[in-house]
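This is what each chain is made of:
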Number of protein chains: 2
Amino acid sequence: MNRIHRKVEYALIALKHMRGKNPGERTTVKDMATQYRCPHDVLARVLQTLASRGVLKSEQGVHGGYLIAKDLNRVSFYDLLEMILGPMEVARCLQEPTASADSDPKAPFANDEAAVCELRETCNIVSPIQLLNRKMSEFYRNLSVAELIEAGRSLKSRESAKVNGAQL
Amino acid sequence: MNRIHRKVEYALIALKHMRGKNPGERTTVKDMATQYRCPHDVLARVLQTLASRGVLKSEQGVHGGYLIAKDLNRVSFYDLLEMILGPMEVARCLQEPTASADSDPKAPFANDEAAVCELRETCNIVSPIQLLNRKMSEFYRNLSVAELIEAGRSLKSRESAKVNGAQL
DNA sequence: TAAACTCGGTCTTTTTTAGTCTTATTTCAA
DNA sequence: TTGAAATAAGACTAAAAAAGACCGAGTTTA
Ligand code: SF4
Ligand code: SF4
């Protein structure tokens with residue numbers, strides 16, 4: 001139910017990987033793609049997006065690669081999702097009414113909003129859906145990428161807490 | 001991004017509809033399907049599921065129909081999602097460790113869990129993913145269906161015809 | 001009995017997501 | 001200067017999931 005997208009996982013994998021590097025140290029896409037066995041192209045595209053949004057910095061050339069350019073404590077999980085998947089809209093009606101300062105150029109939504117859902121005329125749950133959308137956005141905004149990535153460092157795996165556990 | 005499933009919307013529509021009825025009054029699937037212009041079969045199946053889980057009660061026969069059987073304040077949005085979409089798993093690894101009392105027969109997961117995701121061996125974000133899963137479950141659990149459905153009753157929505165000036 | 005409904009399974013279509021292929025562009029080291 | 005190594009980006013294909021349609025069976029009451 002409600003599964004996260006693969007691209008987001010790739011982003012987290014890459015971010016967590018780079019997080020452990022020395023400042024200024026670059027990591028190439030190929031490196032990460034091979035190490036974590038994720039498709040090179042997909043990962044590359046995701047990282048490009050993140051770079052274009054300022055989270056990463058990319059260096060081209062023979063010794064190029066990516067490095068983290070922004071404090072991940074200041075990047076919310078909402079931001080990450082929004083960069084990769086577009087703005088949060090929990091249902092096909094309603095564009096995000098929060099409409100923070102960004103003007104997304106790839107969203108030409110000027111036309112009729114009623115067209116997006118054919119049930120809109122008779123729908124009785126637009127208010128609930130709006131509420132849900134607001135709450136979920138808030139939830140994602142209150143979760144920083146750093147907090148996510150750092151998970152497991154200081155807390156053991158719940159009840160199990162077995163040292164000689166499964167695979168390592 | 002992260003759009004809610006149509007079936008869930010249908011469920012909410014139906015629940016909100018029945019919510020306004022007198023206690024004991026039944027509503028037929030056909031009624032709701034035509035009134036809200038949603039596909040009869042899909043709505044019917046969703047309501048069947050809800051009935052089997054005790055949220056609704058179904059009466060067969062010529063004057064049959066559905067009615068709400070459970071206080072919606074005691075039904076969390078998580079419950080609703082779980083009934084319709086199955087247990088929350090934010091990524092393809094990790095089965096929800098909460099494992100509420102049900103033994104799902106369609107889930108023969110006794111075998112190796114590593115098979116569900118081919119990246120598992122090299123993955124560095126299982127802890128983050130688990131954390132996210134936990135947080136999201138918690139979020140959904142803290143949101144009752146009643147709270148959702150009732151949205152818009154007391155707060156102003158878009159163009160409210162309320163003269164009384166109830167503004168948020 | 002027969003009508004009007006729920007129930008439950010299977011099937012097809014549609015939509016979304018994931019991944020691949022290809023080509024261009026940038027950069028730097030030899 | 002030149003070419004290797006990397007990013008950048010568009011188009012295409014395949015796979016998976018979701019939505020919806022079909023149909024046949026069971027129930028209840030007019
Ligand atoms: S069904 Fe109602 S809520 Fe869901 S998208 Fe269509 S209009 Fe918006
Ligand atoms: S990628 Fe890592 S986290 Fe996502 S499913 Fe595979 S194993 Fe679980």
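Parameters at a glance
Every chain is numbered independently, its residues counted from 1 as its sequence is written. Whichever chain is written first becomes A and whichever ligand is written first becomes 1, with later ones labelled in order. Only residues with pLDDT of at least 70 get local features here, since the model is predicted, and only at 80 or more are side-chain atom pairs given and counted; chain-wide, interface and lining totals rely on the full set of residues. With hydrogens and water set aside, each side-chain value is computed from the structure's full complement of heavy atoms. A least-squares fit on C-alpha atoms brings the copies together, and the residues used are those whose pLDDT is at least 70 in both copies. Only DSSP runs of H or I with at least four residues qualify as helices, and only runs of E with at least two residues qualify as strands; both kinds are numbered from the N terminus onward. What makes two residues a contact is simply this: any of their non-hydrogen atoms within 4.5 Å. For this description, a residue counts as near a given molecule or strand if any of its non-hydrogen atoms is within 4 Å of it. Each residue receives one of three labels: charged for Asp, Glu, Lys and Arg, nonpolar for Ala, Val, Leu, Ile, Met, Phe, Trp, Tyr, Cys and Pro, and polar for the others, Gly being one of them. Counted as a polar contact is a pair of N or O atoms within 3.5 Å, where, for protein atoms, one must be capable of donating a hydrogen and the other of accepting one, and residues adjacent in sequence contribute only when both atoms are in side chains. Between any two strands, at least two bridges found by DSSP are needed for them to pair. Think of it in three bands: residues with accessible area under 20% of the maximum for their type are buried, residues over 50% are exposed, and the middle band is partly exposed, with areas taken using a 1.4 Å probe on protein chains only. By nonpolar core we mean a set of buried residues, namely Ala, Val, Leu, Ile, Met, Phe, Trp, Tyr and Cys, connected to one another through side-chain atoms within 4.5 Å. When two components associate, each loses some accessible surface as probed by a 1.4 Å sphere; the sum of these losses over both components is called the buried area. The predictor rates its confidence in each residue with pLDDT, a number between 0 and 100.

## So, the relation of the copies chain B and chain A
Part 1 of the reasoning: If you rotate chain B by 180 degrees and push it 0.0 Å along the axis, it lands on chain A with an RMSD of 0.0 Å. The superposition operator between the copies reduces to a two-fold rotation axis.

## Examining the environment of tyrosine 10 of chain B
Part 1 of the reasoning: On the secondary structure map, tyrosine 10 of chain B appears in helix α1 (residues 6–19).
Part 2 of the reasoning: A C-alpha to C-alpha distance of 13 Å links tyrosine 10 of chain B and aspartate 31 of chain B, two positions 21 residues apart in sequence.
Part 3 of the reasoning: Sequence-distant contacts of tyrosine 10 of chain B, defined by excluding residues within four places in its chain, comprise Leu119 of chain A together with Cys38, Pro39, Val42 and Leu43 of chain B.

## A few points about the site of ligand 2
Part 1 of the reasoning: Neighbouring ligand 2 are Arg6 and Glu9 of chain A together with Ala91, Arg92, Cys93, Cys117, Arg120, Cys123 and Ile129 of chain B.
Part 2 of the reasoning: Flanking ligand 2 are residues from chains A and B.
Part 3 of the reasoning: The residue makeup of the shell around ligand 2, split by class, is five nonpolar, no polar and four charged.

## Quick word on the protein's contact with DNA strand C
Part 1 of the reasoning: Surveying the vicinity of DNA strand C reveals 23 residues, the closest of which are Arg6, Asp41 and Gln60 of chain A together with Ser58 and Tyr66 of chain B.
Part 2 of the reasoning: Backbone atoms, meaning sugar and phosphate, make up 77% of the atoms of DNA strand C lying within 4 Å of the protein.
Part 3 of the reasoning: Contact distances for DNA strand C include 3.1 Å between a phosphate oxygen and a side-chain N or O atom of tyrosine 10 of chain A.
Part 4 of the reasoning: The separation between a phosphate oxygen of DNA strand C and a polar side-chain atom of threonine 28 of chain B is 3.2 Å.
Part 5 of the reasoning: For the surface near DNA strand C, the secondary structure elements donating two or more residues are α1 (6–19) and α3 (40–52) of chain A together with α2 (29–36), α3 (40–52), β1 (56–59) and β2 (65–68) of chain B.
Part 6 of the reasoning: Broken down by element, the residue count for the surface near DNA strand C peaks at three residues, all from α3 of chain A.

## Some words on the site of ligand 1
Part 1 of the reasoning: By nearness alone, every residue bordering ligand 1 is listed as Ala91, Arg92, Cys93, Cys117, Arg120, Cys123 and Ile129 of chain A together with Arg6 and Glu9 of chain B.
Part 2 of the reasoning: More than a single chain frames ligand 1: its nearby residues are located in chains A and B.
Part 3 of the reasoning: When the residues that make up the shell around ligand 1 are grouped by side-chain class, the tally is five nonpolar, no polar and four charged.

## Quick notes on the pairing of β2 of chain B
Residue and element names in this part refer to chain B.
Part 1 of the reasoning: Sheet analysis places β1 next to β2, joined by four bridges and oriented antiparallel. In the sheet register, leucine 56 faces β2, and the bridge partner there is isoleucine 68.
Part 2 of the reasoning: What sits between the antiparallel neighbours β1 and β2 is a turn of five residues, in which glycine 61 has the positive phi angle 90 degrees.

## Points about unusual backbone geometry
Residues and elements named next belong to chain A.
Part 1 of the reasoning: Look at asparagine 2: it is not a glycine, yet its phi comes out positive at around 55 degrees.
Part 2 of the reasoning: Along the chain, asparagine 2 falls in the segment before α1.
Part 3 of the reasoning: Residue class for asparagine 2 comes out buried when judged on its relative accessible area of 16%.

## Let's talk about the nonpolar core
Part 1 of the reasoning: Leu50, Phe77 and Leu80 of chain A together with Leu50, Phe77 and Leu80 of chain B are the most contacted members of the largest nonpolar core, which has 102 residues in total.
Part 2 of the reasoning: In contact with leucine 50 of chain A, other than residues within four places in its own chain, are Ala11, Leu15, Val55, Leu56, Leu80, Met83 and Ile84 of chain A.

## Details of the protein's contact with DNA strand D
Part 1 of the reasoning: Near DNA strand D, the surroundings consist of 22 residues, among which Tyr66 of chain A together with Arg6, Asp41, Arg45 and Gln60 of chain B are the closest.
Part 2 of the reasoning: In DNA strand D, the atoms that sit within 4 Å of the protein are 73% sugar and phosphate, with bases accounting for the remainder.
Part 3 of the reasoning: Here a phosphate oxygen of DNA strand D and a side-chain polar atom of serine 58 of chain A are 2.8 Å apart.
Part 4 of the reasoning: At 2.4 Å, a side-chain N or O of tyrosine 66 of chain A approaches a phosphate oxygen of DNA strand D.
Part 5 of the reasoning: Every element with two or more residues in the surface near DNA strand D is listed here: α2 (29–36) and α3 of chain A together with α1 and α3 of chain B.

## Some remarks on the interface of chain B and chain A
Frequently, the measure chosen for interface size is the accessible area that the parts lose on association.
Part 1 of the reasoning: Facing the 52 residues of chain B at the interface are 52 residues of chain A.
Part 2 of the reasoning: Summed over both sides, the interface of chain B with chain A buries roughly 5,200 Å², with 60% coming from carbon and sulfur.
Part 3 of the reasoning: Where chain B meets chain A, there are 18 residue pairs in polar contact (both at pLDDT 80 or more).
Part 4 of the reasoning: Per-element accounting of the side of chain B that touches chain A gives the leading share, 10 residues, to helix α5 (residues 126–141) of chain B.
Part 5 of the reasoning: Taken together, the residues of the side of chain B that touches chain A break down into 30 nonpolar, nine polar and 13 charged.

## Considerations on the confidence of the model for chain A
Residues and elements named next belong to chain A.
Part 1 of the reasoning: Across chain A, the average pLDDT comes to 79, with 78% of residues at or above 70.
Part 2 of the reasoning: Below a pLDDT of 50 lies the segment residues 96–114, which in the model reaches 17 contacts outside its immediate sequence neighbourhood of four places, other chains included.
Part 3 of the reasoning: The model gives residues 155–168 a pLDDT under 50, and that stretch makes two contacts with residues more than four places away or in other chains.

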